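Given next are the chains, with one letter for each unit.
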Amino acid sequence: MTIDVRPSIDTLAAHARSLAIGDPERRSIVSSGNVHPKPWDGKSPTPRLELFHFTMSICSQKIRAALFQIGAPFASSELVIMPPLSENYSAEYVKLRMASAIARSRPFVKGYSGSSSVENEGFDPLAVPTLVDHKKGEVVADSRVIAAYLDILSEGALVPLQWQNRTWNEIAIVDAIPHAGLFYGANPDGDDRPEMIRVGMQDAHSKKIELVRKRLAQLPADSNLREAYGQKIIKEEAGREFIAKPANMRAIIESTYSTIVELDRRLADSAGEWLIPDRFTLADIFWGVSLFRLLYLGYNWMWKDCSRVAGYSERLFAAPALQNGVINWPGHPPGERIERFQKR
Ligand SMILES: N[C@@H](CCC(=O)N[C@@H](CS)C(=O)NCC(=O)O)C(=O)O
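Bear in mind the structure is a predicted one, so any value in this text is a computation, not a measurement.

We now examine the packing of aromatic side chains. Two aromatic rings, taken as a pair, are described by how far apart their centres are and by the angle between their planes. Considering all chains together, one arrives at 11 aromatic pairs under this definition. Their ring planes at 75° and their centres at 5.1 Å tell us that Phe317 and Phe341 sit as a pair that is edge-to-face. With Phe317 in helix 14 (residues 307–318) and Phe341 in the segment after helix 15 (320–327), this residue pair connects regions lying 24 residues apart in the sequence. By relative accessible area, which is 11% here, Phe341 ends up buried. Joined through ring pairs, the aromatic side chains of Phe68, Phe74 and Trp329 make up one cluster.

And the structure:
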């Protein structure tokens, strides 16, 4: 008889929750569509779903909006992913994330193109969001996979059966938008990002690399997390180099602009309010998060001549899932372009 000495998922989550999150105020419970989560002592009762995430992470925003859309209560375990805290680099959190199926089935991240899609970049073991299903003992990582998991849990409330291909195709398009590059890097022809981001992102890659190196140095020599940390350093170094080149920034701005123009064309074929006829779906959630981020960063000129995208984005920003999971989620920084959508 062999004895399984691996810690249970509940234990991994409890360690991540108590050791990676520096401030207990960032552990809370969201239920009955309550936008202002209630404090949670991190102990009992543990809700079925627990999300490790960050306010401003675009991938986390997609999942919070999806959770609000299906009305599922969840424990919110919020990590600050920006230096100097970078709580997502804590070994306890990385151990939890490494228990996901995608961590075993995909190569680690090894380069940088501006997007954070697992398809193009590989799996980032030091990132958010990560969902824990305490009932099933499952850890689920990557926003696309988590969204699919929530769709199954909610018996198809997010992706209509007859529109599977079209919905997932839209989600893949959004996943490939170079949001990371547009957030960390400046437009060489005029940087319209809010000042907080412009200033905060200066040297962000270098600061992150330094913090990952420190954490790597603290790991035991035989730790199986060493490779994960090593790959993260390679990715961040590639990111630093990428955004420093104006030609790269121009290329990702141009490709994002083309994606918006193509979205406008597809919206012409959709008679209803949303992208998929008759229904608000996961495709709308992903697009809503993406367009809201572009607006916040000052890239809304991209739909100046795209009237359908302009109307669609107004409808999306008023949708309850986006309002609750993104726009009014506590801690989203204000911005002059987004203030009319925020309830203050
Ligand atoms: N493909 C992943 C990407 C995850 C990802 O890159 N997350 C970013 C925030 S949106 C992150 O955690 N960055 C922290 C860091 O790089 O230090 C997903 O969709 O979940």
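Don't stop here, the text continues.
Phi is mostly negative for residues that are not glycine, and the peptide bonds are mostly trans. Cis geometry marks the peptide bond from Pro83 to Pro84, where omega comes out at 5°. Relative to the assigned elements, Pro84 resides in the loop between strand 4 (74–78) and helix 3 (91–97). Across the junction of Val128 and Pro129, the peptide omega takes the value 5°, indicating a cis bond. The topology assignment puts Pro129 in the loop between helix 5 (118–121) and strand 5 (130–133). Here Asp203, not a glycine, exhibits a phi torsion of approximately 60°, which is positive. Tracing the chain through its elements places Asp203 in the loop between helix 9 (195–200) and helix 10 (204–218).

Let us now look at the UniProt feature "domain: GST N-terminal" (unreviewed entry) in the protein. UniProt's entry tags residues 47–158 with the feature "domain: GST N-terminal" (unreviewed entry), counted in the numbering of this structure. Summarising residues 47–158: 36% helix, 16% strand, and an end-to-end C-alpha distance of 21 Å.

Here we take up the site of the ligand. For the ligand, the set of nearby residues contains 16 residues, the closest of which are Tyr89, Ser116, Asp142, Ser143 and Lys232. In this structure, an oxygen atom belonging to the ligand sits 3.2 Å away from a side-chain N or O atom of Asn88. In isolation the ligand has 510 Å² of accessible area, and contact with the protein removes 92% of it. Its atoms largely coinciding with the cavity grid, the ligand occupies the largest pocket. Tallied by class, the residues present in the shell around the ligand amount to 8 nonpolar, 4 polar and 4 charged.

On to helix 14. With 12 residues, helix 14 should cover 16 Å at 1.5 Å per step; its first-to-last C-alpha distance of 17 Å lies within 8% of that length. If you check which residues of helix 14 are buried, you get Val309, Tyr312, Ser313, Leu316 and Phe317. The buried residues of helix 14 occupy an angular sector of 130° when projected down its axis, which confines them to one face. Residues of helix 14 that are exposed and point over 90 degrees away from its buried face: Ser307 and Ala318. Where helix 14 is buried, its residues meet helix 12 (246–268), helix 13 (282–296) and helix 15.

Right, let's talk about the sheet that holds strand 6 (residues 138–141) for a bit. As a general point, the strands of a sheet are linked pairwise by backbone hydrogen bonds and lie either parallel or antiparallel. The strand order 2-1-4-3-5-6 describes an open sheet built from 6 strands, whose pairing is mixed. A strand with exactly one partner marks an edge of an open sheet, and here the two such strands are strand 2 (38–39) and strand 6. As paired strands, strand 1 (residues 27–30) and strand 4 are joined by 4 bridges and run antiparallel to one another. Paired with Arg27 across the strands is Ser77, a residue of strand 4. Helix-sheet contacts for helix 1 (residues 9–20) involve strand 1, strand 3 (49–53), strand 4, strand 5 and strand 6, and the interaxial angle to strand 3 is about 40°. Sheet contacts for helix 2 (residues 58–70): strand 1, strand 3 and strand 4; angle to strand 3, the most-contacted strand, approximately 155°.

The next subject is the pattern of salt bridges. The final tally for this structure, using the stated rule, is 18 salt bridges. Of the charged contacts in the structure, one is a salt bridge between Asp133 and Arg48, with a shortest N-O distance of 2.9 Å. Taken together, the residues span a long stretch of sequence, with Asp133 in strand 5 and Arg48 in the loop between strand 2 and strand 3 at a distance of 85 residues. Judged by its relative accessible area of 0%, Asp133 is buried. Among the residues examined, Arg48 registers a relative accessible area of 30% and is labelled partly exposed. Arg266 is the partner of Glu170 in a salt bridge, and the nearest nitrogen-oxygen pair spans 2.6 Å. On the criterion of sequence distance, the pair formed by Glu170 in helix 7 (residues 164–175) and Arg266 in helix 12 is long-range, its members being 96 residues apart. Here the salt bridges share partners, and the residues they tie into one network are Asp124, Lys208, Lys232, Lys235 and Glu236.

The rules behind these values
Residues numbered from 1 in each chain as written. Predicted model: local features only at pLDDT ≥ 70, side-chain atom pairs only at ≥ 80, totals over all residues. Heavy atoms only, no water. Phe/Tyr/Trp six-rings, centres within 6.5 Å; stacked < 30°, edge-to-face > 60°. Helix = DSSP H or I, 4+ residues; strand = E, 2+ residues; numbered from the N terminus. Buried < 20%, exposed > 50% of the residue type's maximum accessible area, 1.4 Å probe, protein only. UniProt positions renumbered as here; feature names shortened; annotations may be inferred. Near = heavy atom within 4 Å. Polar contact = N/O pair within 3.5 Å; in protein donor to acceptor, adjacent residues only side chain to side chain. Areas by Shrake-Rupley, 256 points an atom, 1.4 Å probe, with all protein chains shown as cover. 1 Å grid on protein atoms, 1.4 Å probe; cavity = no way out; pocket = protein on both sides within 12 Å on 5 of 7 lines; lining within 4 Å. Sits in = over half its atoms within 2 Å of the grid points. Nonpolar A, V, L, I, M, F, W, Y, C, P; charged D, E, K, R; others polar. Expected span 1.5 Å × (residues − 1). Arc of directions from axis to C-beta. Contact = heavy atoms within 4.5 Å. Pairing = 2+ DSSP bridges. Axes fitted to C-alpha atoms, helices over the stretch in contact; angles between N-to-C directions. Salt bridge = Lys/Arg side-chain N within 4 Å of Asp/Glu carboxyl O.

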